[in-house]
Amino acid sequence: QNAEIKNGRVAMVATIGYMIQKWGIHMPLYLGPSGSNGFHPESSKDWLLSSTTGVTFSDIAKAAPLDSIYMVPAAGWLQVLFAAGLFELTAYKRQWMDERPIPGDYGYDPLGFTKREGGWESEELTKLRMMEIKNGRVAMMA
C-alpha cells in the first residue's frame, strides 16, 4: 500500500501539471529576460536549454506537454533521475528506518492533519486517507 500511495501522489501532481500546461500557464521566469511571465512565456531574448540541440525555454513553453519530453537533453533527464533518487532514499529512510507503521507517513505534515484529536486513528483522517488512495488510483489511470 505504501507504493500505491506514493505512485498515486506522483500521478495526481503529474495530472495537475499536464492540465496546467495545456491551459497555457507556464512557470514564470522572474530571473529571466524581461517580458516573461506565467501566461506569456515569450521573451525578447531566448535562453538556451541546450546549446548542443539549440532548444530554448520558449520552444518548450510553446510545445505540447508530451512533445516537450523529447526536447529535454539527456543531461536534464539525468538531473531528474538524480533528484528522484534522492527523494526515494529520503522516503525509504523516513518510512522504514524510522519505523513508521502507517503507509505513506513520511513525517512531513505542514498542515497539521495528524495533530488533530485522535491523530492518525481519528475518523476524519481515516476518511481523508481513503479519499487520497481513491483519487490516486483515478490519477494513475489518467
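Residues numbered from 1 in each chain as written. Predicted model: local features only at pLDDT ≥ 70, side-chain atom pairs only at ≥ 80, totals over all residues. Heavy atoms only, no water.

Novice: Please clarify how the overall build of the chain should be interpreted in this entry.
Specialist: If you tally the helices and strands in the chain, you get four helices and two strands. Across the 142 residues of the chain, 25% fall into the buried class. When contacts within the chain are restricted to residue pairs at least 6 apart in sequence, long-range pairs at least 24 apart make up 37% of them. Carbon and sulfur atoms provide 64% of the accessible area of the chain, an area that totals close to 10500 Å². (Helix = DSSP H or I, 4+ residues; strand = E, 2+ residues; numbered from the N terminus. Buried < 20%, exposed > 50% of the residue type's maximum accessible area, 1.4 Å probe, protein only. Contact = heavy atoms within 4.5 Å. Areas by Shrake-Rupley, 256 points an atom, 1.4 Å probe, with all protein chains shown as cover.)

Novice: What exactly am I supposed to notice about helix α3 (residues 74-97) here?
Specialist: An α-helical turn contains 3.6 residues, so any two residues separated by three or four positions project in the same direction. With 24 residues, α3 extends 33 Å between its outermost C-alpha atoms, agreeing within 8% with the 34 Å of an ideal straight helix rising 1.5 Å per residue. Of the residues making up α3, those classed as buried are Gly 76, Ala 91 and Gln 95. Phi turns positive one or two residues past the end of α3, at Glu 99, with a value near 55°. (Expected span 1.5 Å × (residues − 1).)

Novice: Any chance you could explain the pattern of salt bridges here in plain terms?
Specialist: Should the charged atoms of two oppositely charged side chains come close, the side chains can pair. The final tally for this structure, using the stated rule, is four salt bridges. The closest approach of N and O atoms between Lys 6 and Glu 88, which form a salt bridge, is 2.9 Å. Taken together, the positions of Lys 6 in helix α1 (residues 2-22) and Glu 88 in helix α3 put the pair 82 residues apart, joining distant regions of the chain. A salt bridge links Asp 98 to Lys 93, with the nearest nitrogen and oxygen atoms 3.1 Å apart. Residue Asp 98 is classed as partly exposed on the basis of its relative accessible area of 35%. (Salt bridge = Lys/Arg side-chain N within 4 Å of Asp/Glu carboxyl O.)

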